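# Understanding the architecture of this molecule
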Amino acid sequence: MKILSIQSAVAYGHVGNSAAVFPLQRIGVEVLPVYTVNFSNHTGYGAWRGPLIAPDDVREVITGIEERGVFDQIDAILSGYQGGEGIGDVIIDAVARVKAANPAAIYACDPVMGNAKSGCFVAPAIPVLLREKVVPVADIITPNQFELGFLTDTEPDTLESTLASVDLAHAMGPRTVLVTSVERPDREEGTIEMLAADEHGAWIVQTPHLPMKANGSGDVTAALFTAHYVETGSAKTALERTASSVYDLLKATLEAGERELLLVEAQEFYANPRMQFTARQVR
């Protein structure tokens, strides 16, 4: 499997491609990483150094890959946080060119905008760009519950309202939706859930809630789910594998008292997920 991953990169810590690439490689995926920023560290620290990469320069790198004649071998395009407005157009163009070379290729978009606690933390134009231009060309999207609500102009909270919002997201274009944090009022205390839905049904998986903020965990989640879904064609299997791996990664990081993900130390959890969580079909 080959995945073209167009995301940010940091030297210290693990977000964007610096979170997604290694877990994918560890499960046997050939990754072609294209960087949209090259920062010293993620912006959650409040200070960082390094450049935003101009959209034309990102496009040049992608064109160079195309010139090597590998677009027909790419199984998936993956994108995450979009720092500037111009990157969306570059990604959309790359998706069209890859799919022209390989019509079976899929595009997985993590529509990073914010979360329920902090609200939107991207430039004001980005959510609109995602909703109106990027998400409609995606095959898979991996929003959290807050982002799902923005994309569909709804306020999902219960399982029923979340499924209704997922249906609206399907109507926008994506055939597969992974909701990476479902926080419904009637869930078991001390738990959090993820939900995956495609044309075959919808499944929810529940894991213990870990009291931590882990920058980059969403990037790992989107990457692993995409790869497992492409490999198996099963939203349920991809959901269970991803939940297992990401939970053990987060648990190891929490127990070590680290702020940055223990991405390398947790590698066995990607290669051989414990499959300790079973997804329940809800539709």
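Before reading further, recall that the structure is shown in the block above.
We now turn to the structure provided with this report. Sequence order sets the numbering: in each chain, residues are counted from 1 along the sequence as written. Per-residue local features of the predicted model are confined to residues with pLDDT of at least 70, and side-chain atom pairs are confined, for both listing and counting, to 80 or more; whole-chain, interface and lining totals are unaffected and use all residues. As a rule here, side-chain values cover all heavy atoms of the structure and leave hydrogens and water aside.

## Notes on the overall build of the protein
Note the cut-off: Strands are runs of DSSP state E lasting at least 2 residues, helices are runs of H or I lasting at least 4, and numbering of each runs from the N terminus. The globule rule is 2.2 Å times the number of residues to the power 0.38, and the radius of gyration it is compared with is taken over C-alpha atoms. Only protein chains enter the calculation, and the probe is 1.4 Å; a residue is then buried if its accessible area is under 20% of its type maximum, exposed if over 50%, and partly exposed in between. Here, two residues are considered to be in contact whenever any of their heavy atoms come within 4.5 Å of each other. Method for areas: the Shrake-Rupley scheme with a 1.4 Å probe, in which residue coverage is limited to the protein chains shown. Here Asp and Glu are counted as negative and Lys and Arg as positive; His is not counted, and neither are the chain ends. Every charge is mapped to an atom, namely NZ of Lys, CZ of Arg, CG of Asp or CD of Glu.
If you tally the helices and strands in the protein, you get nine helices and 11 strands. Compactness check: the protein gives a C-alpha radius of gyration of 17 Å against a globular reference of 19 Å for 283 residues, within 12% of the reference. Based on the C-alpha atoms only, the size of the protein along its principal axes is roughly 50 × 40 × 35 Å. Here the protein, with 283 residues, has 52% of them falling under the buried criterion. Long-range pairs, those at least 24 residues apart, make up 66% of the contacts in the protein with a sequence separation of at least 6. In the structure as shown, the protein presents an accessible area of about 12,000 Å², 50% of it carried by carbon and sulfur atoms. Each charge class in the protein was averaged separately, 21 positive and 36 negative side chains, and the resulting centres sit 2 Å apart.

## Re the nonpolar core
Using the following cut-off: Buried residues of nine kinds, namely Ala, Val, Leu, Ile, Met, Phe, Trp, Tyr and Cys, make up a nonpolar core once their side-chain atoms join them within 4.5 Å.
Among the nonpolar cores identified, the biggest contains 42 residues, and L4, I6, I62, Y107, I141 and L195 are the most heavily contacted of them. A total of six residues in this core trace back to one element, the largest contributor, which is helix 3 (residues 86-101). In terms of nonpolar packing, the next biggest core, distinct from the first, is built from 40 residues, A196, W203, V205 and A266 among them.

## A short note on the packing of aromatic side chains
Worth spelling out the cut-off: Pairing of aromatic rings covers Phe, Tyr and Trp, the last counted by its six-membered ring, and requires centre-to-centre distances within 6.5 Å; plane angles under 30 degrees mean stacked, over 60 mean edge-to-face, and any other angle means tilted.
Overall, the coordinates contain five aromatic pairs when judged by the stated rule. Their ring planes at 40° and their centres at 5.9 Å tell us that F39 and W48 sit as a pair that is tilted. The exposure class of F39 is buried, given its relative accessible area of 10%. By relative accessible area, W48 is classed as partly exposed at 39%.

## Quick word on the environment of A125
For A125, the position within the fold is in helix 4 (residues 125-134). Linking A125 and T43, residues 82 residues apart in sequence, is a C-alpha distance of 19 Å.

## Section: the side chain of T221
For T221, the position within the fold is in helix 7 (residues 217-232). Contact partners of T221, with chain neighbours within four places excluded, come to L178, T180, M194, T242 and V246.

## Describing the pairing of strand 8 (residues 176-182)
For a regular strand, side-chain orientation follows a simple rule: the groups alternate between the two sheet faces. Put simply, the rule is: Here a strand pair is declared whenever DSSP counts at least two bridges between the two strands.
Counting buried positions over the seven residues of strand 8 gives six, a clear majority of the element. Where strand 7 (residues 140-141) meets strand 8, two bridges bridge the pair, whose relative direction is parallel. Counted as the bridge partner of I141 is V177 from strand 8. For strand 8 and strand 9 (residues 191-198), the ladder comprises four bridges, and the chain directions are antiparallel. What sits directly across from V179, in strand 9, is L195.

## Considerations on helix 5 (residues 145-152)
Counted only if it meets this: Whenever two N or O atoms come within 3.5 Å, that pair is a polar contact, provided that in protein one can donate a hydrogen and the other can accept it, and provided that, for residues adjacent in sequence, both atoms are side-chain atoms.
The element helix 5 is extensively covered by neighbouring structure, given that six of its eight residues are classed as buried. Three or more residues of helix 5 are buried, namely Q145, E147, L148, G149, L151 and T152. On the buried face of helix 5, the contacting elements are strand 5 (114-115), helix 4, strand 7, helix 6 (159-172) and strand 8. The N-terminus of helix 5 is capped by N144, whose side-chain oxygen sits 3.1 Å from the backbone nitrogen of F146. Residue D153 follows helix 5 closely and has a positive phi angle near 55°.

## What about the pairing of strand 10 (residues 201-208)?
Within strand 10, six of the eight residues are buried, leaving the element largely enclosed by the surrounding structure. Alignment of strand 9 against strand 10, held across eight bridges, turns out to be antiparallel. Counterpart to L195 in the pairing with strand 10 is I204. When strand 10 meets strand 11 (residues 280-281), the two strands line up antiparallel, connected through two bridges. Across the sheet, residue W203 finds its bridge partner in strand 11, namely Q281.

Nothing here speaks to function; it is all geometry.
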